[in-house]
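Geometric and topological summary
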Amino acid sequence: MTMLTLFLPCAGGVEDFLADEVARITGCAPAKARGGAIVTDGSGADVMRLNLHSRLAQRVLIEVAHAPYRTEAELYEVAMAVPWEDWFTTRQTFKIEITSHQSPLKSLNFAALKIKDAVADRFREKTGVRPDVEVRWPDARVFAHLAAEAVTLYIDTSGEPLFKRGWREDKGEAPLKETLAAAMLAASGWDATVPLYDPCCGSGTIAIEAAQIACNIAPGAKRRFGFENLLVHRAGEWASLKAEAAAAKRAPAVPIFGSDVAHRMVDFAQRNAERAGVAQAVQLRGGDALQRMPPCDAPATMLLNPPYGERIEAGGVAGAGRGGRERAQTEDGGDFFAQLAAHWKKNYAGWTAWMLTPDLKLPSRMRLKESRRVPLWNGPIECRLFRFDMVAGSARGPDHAADRH
C-alpha cells in the first residue's frame, strides 16, 4: 500500500483536536500538529475517509514535492519535475493556488504563473498538448506554499473547502463556518450524551453540527470531492465507504435545541436541518435569549457564538436590525451580556455554558468566573471559547490574566 504525506489545514487553535480526529478516522498514529494544520501519513483510502468524515479540516492535500528555492526559475524546475500526468489529464482543467510565509519572492502572482507554466509545459512535453486553466471550477487544484527557503506543492483532494457540507443554502449575515462550530463542540468536550442548546442559533450551524454528531451522520455525505476527478480515484471503494457511512446513521440519544430572536433565522435553520438530514433531531424555536427558559428539565450544555461588532452589524433585541439578532446593547440601554448572565444565574443553575467571543474581558462584564478558556480563531478574528459553570446567584470571581488551554 502506497503511503502519502497528507497536509490538513485548519483554523488556529484547532490543531490538537484535528490531530485526535485524524487518528480516530484513519486508525493511524497521531498526526503532527503545525501552526494552522496537521501533517500525517495515509493511504488513498484514508484520503477518502478524511474528506468524508473530518469535521475540523479545511482541506485534505497530498504533498507531491518539497524542495529548496530562491528564484522563480527554481520554482519552475520543482513543478516541472512533478508527474502531473499521473493525477489528471489534458482534457481536464487546473488551477494554481499559492500562499507564502516569509518568501523572498516579490510577486506571488508571478510565482503562481511560473508554476502554472511548468505544469502546462510538463504535459506538452509528455503528451504534445496541455490542459486549460479554469479559475472558478477547475477539475484539479494545485496548491503551492512558499516558505522562506522551501516550496511545497500539493494536489488538492477536497475541491470546495470542507466547511461546505452541502446542506446550508439559507444563511444570515456572517454565518459561522461549520468547521468552527465543530471545533467549538470538540473543545467543549460535548459527546452527545447530554442535551445541547444554542440560544443564539442563527441559521442553525452549531445545532445542526451537533445533531449530525448525535446521529452519526458523516459531514461529507451530502457533497462531492475533488478526488473524484483525479486519475487515482477508485470509484468502487468510494461507493463502499459512502454506503458504510450511511449504514452507521442512528437515532440521537439526546435532544438538540436551538432558538433565535429572529424568526426568519429560525426558518432558515429549520430548512437547513431538513437538508442536513437532522430535522427530527433538532428542536428550533423563536425567542429572545434574555427570556427563553431552559428547553429541558435536566441541566445540560449551552454552546453559542453570539454576534459581535467585528462579525456582524448589530440587530435589535427584537430583530429590528439588518442582522436580526441580539446586540451588545439592548433596547432598554442595558448590556446584553450582563443581562444574559443574570438570566442564566436565575434560571439555568447546574448548566454549563460555552461562549465564543473576541472580547477577552467578557467574563468580568458578565460578572461570571470562567472555569476554562480555549483560544480559537474565527477567520482573522482571535477569539476565546469561555466555559461558565452556572450556579444560582452571583458567580463573580477574580480576573484571569493568562489563557489556559
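As a reminder, the structure under discussion sits directly above these lines.
Keep in mind that what you see is a predicted model, and the values were worked out from it rather than measured.

1. Some points on the sheet that holds strand β11 (residues 301-304)
Spatial ordering of the open sheet is given by β10-β9-β8-β11-β12-β14-β13, a layout of seven strands whose pairing is mixed. The open sheet is flanked by β10 (282-286) and β13 (370-378), the only strands paired with a single partner. With direction set aside, neighbouring strand axes in the sheet form an average angle of 20 degrees. By the bridge criterion, eight bridges tie β13 to strand β14 (residues 381-389) in an arrangement that is antiparallel. Paired with E370 across the two strands is F388, which belongs to β14.

2. Comments concerning the pairing of strand β1 (residues 4-9)
Where burial is concerned, most of β1 is hidden: five out of the six residues are buried. The pairing of β1 with strand β3 (residues 37-42) spans six bridges and is classified as antiparallel. Residue pairing for β3: L6 is matched across the bridge by T40. In the sheet, β1 pairs with strand β4 (residues 61-68) via two bridges, with the strands oriented antiparallel. Considered in β4, the bridge of L6 is made with I62.

3. Points about the pattern of salt bridges
In the structure shown here, the tally under the stated rule is 20 salt bridges. Among the ionic pairs, E85 bridges to R122, the shortest N-O distance being 2.8 Å. With E85 in the loop between α3 (72-80) and β5 (94-100) and R122 in helix α4 (residues 108-127), this residue pair connects regions lying 37 residues apart in the sequence. Assessed through its relative accessible area of 24%, E85 is described here as partly exposed. Among the ionic pairs, K95 bridges to E97, the shortest N-O distance being 3.6 Å.

Conventions and cut-offs
Residues numbered from 1 in each chain as written. Predicted model: local features only at pLDDT ≥ 70, side-chain atom pairs only at ≥ 80, totals over all residues. Heavy atoms only, no water. Pairing = 2+ DSSP bridges. Helix = DSSP H or I, 4+ residues; strand = E, 2+ residues; numbered from the N terminus. Axes fitted to C-alpha atoms, helices over the stretch in contact; angles between N-to-C directions. Buried < 20%, exposed > 50% of the residue type's maximum accessible area, 1.4 Å probe, protein only. Salt bridge = Lys/Arg side-chain N within 4 Å of Asp/Glu carboxyl O.

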